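# Secondary and tertiary structure notes
Spelled out from the first residue to the last, the chains are:
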Amino acid sequence: KAGVTQTPRYLIKTRGQQVTLSCSPISGHRSVSWYQQTPGQGLQFLFEYFSETQRNKGNFPGRFSGRQFSNSRSEMNVSTLELGDSALYLCASRETVYYYNEQFFGPGTRLTVL
Amino acid sequence: GEDVEQSLFLSVREGDSSVINCTYTDSSSTYLYWYKQEPGAGLQLLTYIFSNMDMKQDQRLTVLLNKKDKHLSLRIADTQTGDSAIYFCAETHGGQGNLIFGKGTKLSVKP
């Protein structure tokens, strides 16, 4: 099976712009989660989608949003970019949302905000 | 509270054992995990332990859990240069499933 894929791998934007990142989960996986990784804050949970519904959300401002399509692919959007949004954005997929389901991570999208 | 803490750096010689430590504060954590991140890559799940277990061994990896002290450790036997990476401890809470990570321990293995 192909792993989790994320596009694009690298992105450079300027302050005030918006950006959309894409994640394709492993075939058969219905849950997609997004995490932000920065040197200062480490890895932080953004949100999780399951069957096109957001089921859990981390502590991020409303500028961060996401969605999931019927084929389980997910996108996250960041509007009005700030310098502090520069980070590695990781997507993870799992089969379901039961107690323990291993989360498989993609390679990430490196976003740089200038 | 939701806080997972790890020391930031560990340096060992090739062939030695590495022990990476982690403390967590949420006693309701159901599963505890160790992930590995190599440069330019995503996270790879190494192993996990259910909260009612004390120890789990998987080839060169041994996980020890002390629930009373909320302390988790990962021991890598016969550490190799290919083990150089950042290791993250993580926990989940109940049915939510989202991972709460420590800041990561950078393991450097010297030949």
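Look a little higher up for the structure.
Every chain is numbered independently, its residues counted from 1 as its sequence is written. Both sets of labels track the order of writing: A upward for chains, 1 upward for ligands. For this predicted model, a pLDDT threshold of at least 70 governs which residues receive local features, and a threshold of 80 or more governs which side-chain atom pairs are given and counted, while totals over whole chains, interfaces and linings are taken from all residues. Hydrogens and waters are ignored; side-chain quantities use all the structure's heavy atoms.

## Concerning the sheet that holds strand S7 (residues 61-66) of chain B
Residues and elements named next belong to chain B. Note the threshold: Only strands joined by at least two bridges in the DSSP assignment are considered to pair. We count a stretch as a helix when DSSP gives it H or I for four or more residues in a row; a strand needs E for two or more, and each element gets its number in order from the N terminus. Interaxial angle, 0 to 180 degrees, is taken between N-to-C directions of lines fitted to C-alpha atoms, where a helix line uses only the stretch in contact.
Strand order in this open sheet of five strands is S1-S3-S8-S7-S6, and the pairing throughout is antiparallel. Every interior strand has two partners, whereas the edge strands, strand S1 (4-6) and strand S6 (55-58), have only one. Along the sheet, successive strands turn relative to each other by an average axial angle of 15°, direction set aside. Relative to strand S8 (residues 71-76), strand S3 (residues 18-24) runs antiparallel, the two sharing six bridges. Residue pairing across strands places Cys 22 opposite Leu 72, the latter belonging to S8.

## Here's the deal with the packing of aromatic side chains
Cut-off, in case you're wondering: Pairing of aromatic rings covers Phe, Tyr and Trp, the last through its six-membered ring, and needs centres within 6.5 Å; plane angles under 30 degrees mean stacked, over 60 mean edge-to-face, and all others mean tilted. The classification of residues rests on relative accessible area computed with a 1.4 Å probe and restricted to protein chains. Under 20% of the type maximum is buried, over 50% is exposed, and intermediate values are partly exposed. Counting as a charge over the ring demands two things of the Lys NZ or Arg CZ atom: a distance within 6 Å of the ring centre and an angle within 35 degrees of the ring normal.
By the definition in use, this model includes 14 aromatic pairs over all chains. The interplanar angle of 35° and the centroid separation of 6.3 Å between the aromatic rings of B:Tyr31 and B:Tyr33 together place this pair among those described as tilted. Looking at B:Tyr31, the relative accessible area reads 13%, which means it is buried. Take B:Tyr33: its relative accessible area is 3%, and that puts it in the buried class. The interplanar angle of 40° and the centroid separation of 6.3 Å between the aromatic rings of B:Tyr33 and B:Tyr48 together place this pair among those described as tilted. Here B:Tyr48 lies in strand S5 (residues 43-50) and B:Tyr33 lies in strand S4 (residues 29-37), a separation of 15 residues in the sequence. Among the aromatic residues, those joined into a cluster by ring pairs are A:Tyr35, A:Phe45, A:Phe105, B:Tyr31, B:Tyr33, B:Tyr35, B:Tyr48, B:Phe50, B:Phe88 and B:Phe101. Sitting above the plane of the B:Tyr48 ring, B:Lys56 keeps its charged end 3.8 Å from the centroid.

## Some thoughts on the pattern of salt bridges
A side chain of one charge can pair with a side chain of the opposite charge if their charged atoms are brought near each other. Residue and element names in this part refer to chain A. Where we set the bar: The rule for a salt bridge is simple: a side-chain nitrogen of Lys or Arg has to be within 4 Å of a carboxyl oxygen of Asp or Glu.
Tallied over the full model, the rule gives eight salt bridges over all chains. Between Glu 48 and Arg 55 there is a salt bridge, and its shortest N-O distance comes to 2.9 Å. On the basis of relative accessibility, which here comes to 0%, the residue Glu 48 falls in the buried class. A residue is classified by how much of its surface remains accessible, and Arg 55, at 30% relative accessible area, is partly exposed. Here Asp 85 and Arg 63 are joined by a salt bridge, their closest N and O atoms 2.8 Å apart. Highlighted residues: Asp 85 in the loop between strand S8 (74-78) and strand S9 (87-94) and Arg 63 in the loop between strand S6 (53-57) and strand S7 (64-68), separated in sequence by 22 residues.

## So, the pairing of S3(B)
Residues and elements named next belong to chain B. Alternating positions in S3 separate cleanly, Ser 18, Ile 20, Cys 22 and Tyr 24 being buried on one face and Val 19, Asn 21 and Thr 23 remaining unburied on the opposite face. Pairing analysis gives three bridges linking S1 to S3, with the strands arranged antiparallel. What sits directly across from Val 4, in S3, is Tyr 24.

## Re the sheet that holds S8(A)
Residues and elements named next belong to chain A. The antiparallel open sheet is built from four strands, whose spatial order is S1-S3-S8-S7. Each edge of the sheet is formed by a strand with only one pairing partner; in this case those strands are strand S1 (5-7) and S7. Here the average twist between neighbouring strands, direction ignored, is 20°. Pairing geometry for S1 and strand S3 (residues 19-24), over three bridges, is antiparallel. The partner of Thr 5 across the bridge, within S3, is Ser 24.

## What about the interface of chain B and chain A?
Where we set the bar: In what follows, a contact means two residues having at least one pair of non-hydrogen atoms within 4.5 Å. Two parts placed together each lose some accessible area under a 1.4 Å probe, and the buried area is that loss summed for both. Two N or O atoms form a polar contact when they lie within 3.5 Å of each other; inside protein one atom must be a possible hydrogen donor and the other a possible acceptor, and for residues adjacent in sequence the pair counts only when both atoms belong to side chains.
Each partner contributes to the interface: chain B provides 20 residues, whereas chain A provides 22 residues. Together chain B and chain A conceal approximately 1700 Å² of surface at their shared face, both sides included; 53% is due to carbon and sulfur atoms. Here chain B is connected to chain A by zero salt bridges. At the junction of chain B with chain A, the criterion picks out four residue pairs in polar contact (both at pLDDT 80 or more).

None of this, on its own, says anything about what the molecule does.
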